[in-house]
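# Per-entry structural report
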Amino acid sequence: MTTGVKRAFKYRFYPTDAQAAELSRTFGCVRKVYNLALGARTDAWALRQERITYNAISAMLTAWKKTEELAYLNEVSSVPLQQALRHLQTAFANFFAKRAKYPRFKSKKRSRASAEYTASAFRFRNGKLTLAKMSEPLDIVWSRPLPEGAAPSTVTISRDSAGRWFVSLLCEDPGVKPLPGTTTTVGVDAGLDHLLTLSTGEKIANPRHERRDRARLAKAQRELSRKAKGNGANRVKARRKVARIHARIADRRQDFLHKLTTRLVRENQTIVIEDLTVRTMVKNHKLARAISDAAWAQFRSMLEYKAAWYGRKVIPVDRWFPSSKLCSACGTVQEKMPLNVRTWTCHCGTTHDRDVNAAKNILAAGLAVSACGAGVRPGRSIPPRPSTLKQENLRRNP
């Protein structure tokens, strides 16, 4: 029996004109059905305090298809439309469980265009994928092989703002198994001068992906601002140019973080990180651009799911833990630690690099939490600061 984890394999593909037209219609219908269902559920609750179930909204979809106004919904595969209702059901479940905000309507301009197909709506044979309502297989660039003998359970087609087409195949990957155990542990201090500082003393440079393309991006955005408002060909072309630059930045960032997180997970049994609230931190407008470019939230997300895959452990440490002020040698907490001080000497005679010392303290705190519970941490605690912004970041240049 095949064992492993469910894993999505994403590839780029190049549709024919007919396929692109069919998929664009499907995207529009998926968005329409999602918005209609969300509107119906919102009105039912606002007017009658009634919660509409998935079965009820599915019956509404059948009725919508029979109307003259929405008859065009019959022209596309019904499976992506049903999947849109399932996604909405999941969104409401997360909302009621207080894991997410209230679902939002999908915008034609701002929402990611996508459609999900289950096994009944596609055929995958001999490495060729053919979707419902299509006679020819998709021209997929197989940049890496699927797991041997893998059969996709779902297929998601998407188109990004740069006009690129992607197909994501969800498969069982038997190759993802827990790695051999190790006794190595590491603490990670996040920053902007250096993206990460490890308790081993290693500092990982911040690639600053957005800054590398900032001049090109600014020029493209100026050109876009000069185009007449609307959907004219020149404005669409200028908007696409801006989107391509953003996509290039995002691709480089994602590639770097994948390599970095994979390395950390392979080398360490336990990884201790700071529990940073990035969503709150980016409210600081002077640092929002640099914080977003550092992608700490994306780094943590990758680290956590890869650790779960390979049998590793990620421990978050309280964001108020005084990692920079605490001496990792004797445990003394300094009263003041100006942000321009990058090295300092404790009363015990130990000289510290500020970031390396912080990473060592984060590691010690994480191991204490792991051993004794969340209420335990080394050193003397200090009262929380009124700001939720990580102190070390206040001196960084965006």
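Owing to the predicted nature of the structure, the values given are computational and were not obtained by experimental measurement.

So, how was this worked out
- The numbers attached to residues start from 1 for each chain and follow its sequence in the written order.
- pLDDT decides what is reported in this predicted model: residues at 70 or higher carry local features, side-chain atom pairs at 80 or more are listed and counted, and totals for whole chains, interfaces and linings draw on all residues regardless.
- Side-chain metrics rest on all non-hydrogen atoms present in the structure, leaving aside hydrogens and water.
- Secondary structure counts use DSSP, requiring at least four H or I residues in a row for a helix and at least two E residues in a row for a strand, with both numbered from the N terminus.
- Note on contacts: a residue pair qualifies if any of its non-hydrogen atoms lie within 4.5 Å across the two residues.
- The aromatic pairing rule takes the rings of Phe, Tyr and Trp, using the six-membered ring of Trp, and pairs them if the centres are within 6.5 Å, calling planes under 30 degrees apart stacked, those over 60 edge-to-face and the rest tilted.
- Ring-over charges, as used throughout, are those where CZ of Arg or NZ of Lys falls within 6 Å of the ring centre and within 35 degrees of the ring normal.
- To obtain an axis, a line is fitted to C-alpha atoms, over the contacting stretch when the element is a helix, and the angle between two such axes runs from 0 to 180 degrees between their N-to-C directions.
- Crossings are assigned a handedness: left-handed for a near helix turned anticlockwise from the far helix by less than a right angle, right-handed for a clockwise turn.
- Under this grouping Gly is polar, as are all residues other than the nonpolar Ala, Val, Leu, Ile, Met, Phe, Trp, Tyr, Cys and Pro and the charged Asp, Glu, Lys and Arg.
- UniProt positions are given in the numbering used here, feature names are shortened, and annotations may be inferred rather than shown by experiment.
- For salt bridges, the criterion is a side-chain nitrogen of Lys or Arg within 4 Å of an Asp or Glu carboxyl oxygen.
- Accessible area is worked out with a 1.4 Å probe on protein chains only. A residue is then buried under 20% of its type maximum, exposed over 50%, and partly exposed in between.
- Any two strands with at least two DSSP-identified bridges between them are counted as paired.

## What about the environment of Leu36?
Relative to the assigned elements, Leu36 resides in helix H1 (residues 17-48). Sequence separation between Leu36 and Lys101 is 65 residues, and the spatial gap between their C-alpha atoms is 19 Å. When residues no more than four places from it in sequence are discounted, the contact partners of Leu36 are Trp64 and Leu70.

## Thoughts on the packing of aromatic side chains
Considering all chains together, one arrives at 10 aromatic pairs under this definition. Residues Phe27 and Trp165 carry aromatic rings whose centres are separated by 5.8 Å and whose planes lie at 20 degrees to one another, so their mutual orientation is stacked. Here Phe27, found in helix H1, pairs with Trp165, found in strand E7 (residues 165-173); they are 138 residues apart in sequence, far enough to count as distant. Taken together, Phe92, Phe95, Phe96 and Tyr102 form an aromatic cluster joined through their ring pairs. Against the face of Phe92 rests Arg41, its NZ or CZ located 4.2 Å from the ring centre. Directly above the aromatic system of Tyr310 lies the positively charged group of Arg266, at a separation of 5.6 Å from the ring centroid.

## Considering the packing of helix H2 (residues 54-65) against helix H3 (residues 78-96)
Packed helix pairs are characterised by how far apart their axes lie and by the angle those axes make with each other. Two numbers describe how H2 lies on H3: the axes approach to 10 Å, and their chain directions differ by 145 degrees. Note that H2 runs across H3; the crossing there is right-handed. Within the contact between the two elements, H2 uses Tyr54, Ile57, Ser58, Leu61 and Lys65 and H3 uses Ser78, Leu81, Gln82, Leu85, Arg86 and Gln89. Of the residues belonging to the contact of H2 with H3, the class tally is 5 nonpolar, 4 polar and 2 charged.

## Notes on the UniProt feature "domain: Probable transposase IS891/IS1136/IS1341" (unreviewed entry) in the protein chain
In the numbering used here, UniProt assigns the feature "domain: Probable transposase IS891/IS1136/IS1341" (unreviewed entry) to residues 176-284. Spanning residues 176-284, this segment combines 51% helix with 17% strand, and its end C-alpha atoms are found 39 Å apart.

## Brief notes about the pattern of salt bridges
Opposite charge on two side chains permits them to pair, given that their charged atoms come into close proximity. Counting across every chain of the model gives 19 salt bridges. With a shortest N-O distance of 3.4 Å, Lys241 and Glu223 are connected by a salt bridge. With Lys241 in helix H6 (residues 233-267) and Glu223 in helix H5 (residues 214-226), this residue pair connects regions lying 18 residues apart in the sequence. Of the residues examined, Glu223 reaches a relative accessible area of 25% and is grouped as partly exposed. For Asp275, the salt bridge goes to Arg300, with nearest N and O atoms at 2.7 Å. In this pair, Asp275 sits in the loop between strand E11 (270-274) and helix H7 (278-281) while Arg300 sits in helix H9 (residues 296-310), placing the two residues 25 residues apart along the sequence. In the salt-bridge network here, residues are joined through shared partners; they are Asp213, Arg216, Arg248 and Arg252.

## A short note on the pairing of E7
Each regular strand displays side chains that alternate between the two surfaces of the sheet. Most of E7 is tucked away, with 7 of its 9 residues classed as buried. One ladder, built from 9 bridges, connects strand E1 (residues 5-13) with E7; its direction is antiparallel. Each residue of the ladder has a partner; that of Lys10, found in E7, is Ser168. As judged from the 6 bridges shared by strand E6 (residues 154-159) and E7, these two strands associate in the antiparallel manner. Bridge pairing in E7 places Thr154 opposite Leu170. The hairpin turn running from E6 into E7, its antiparallel successor, is 5 residues long, and Gly163 in that turn takes a positive phi close to 85 degrees.

## Things to note about the sheet that holds E11
As summarised here, the arrangement of the 5 strands in space is E10-E9-E8-E11-E12, forming an open sheet in which the pairing is mixed. Each end of this open sheet is capped by a strand with a single partner; those strands are strand E10 (203-205) and strand E12 (313-317). For this sheet, the mean inter-axis angle between neighbouring strands, taken without regard to orientation, is 25 degrees. Across 5 bridges, the pairing between E11 and E12 is parallel. Following the sheet pairing, Glu274 is matched in E12 by Val317. Across the sheet, H6 is in contact with strand E9 (194-198), E10 and E11; its angle to E9 comes to roughly 5 degrees. Against the sheet, H9 touches strand E8 (185-190), E9, E11 and E12, its axis set at about 140 degrees to E12.

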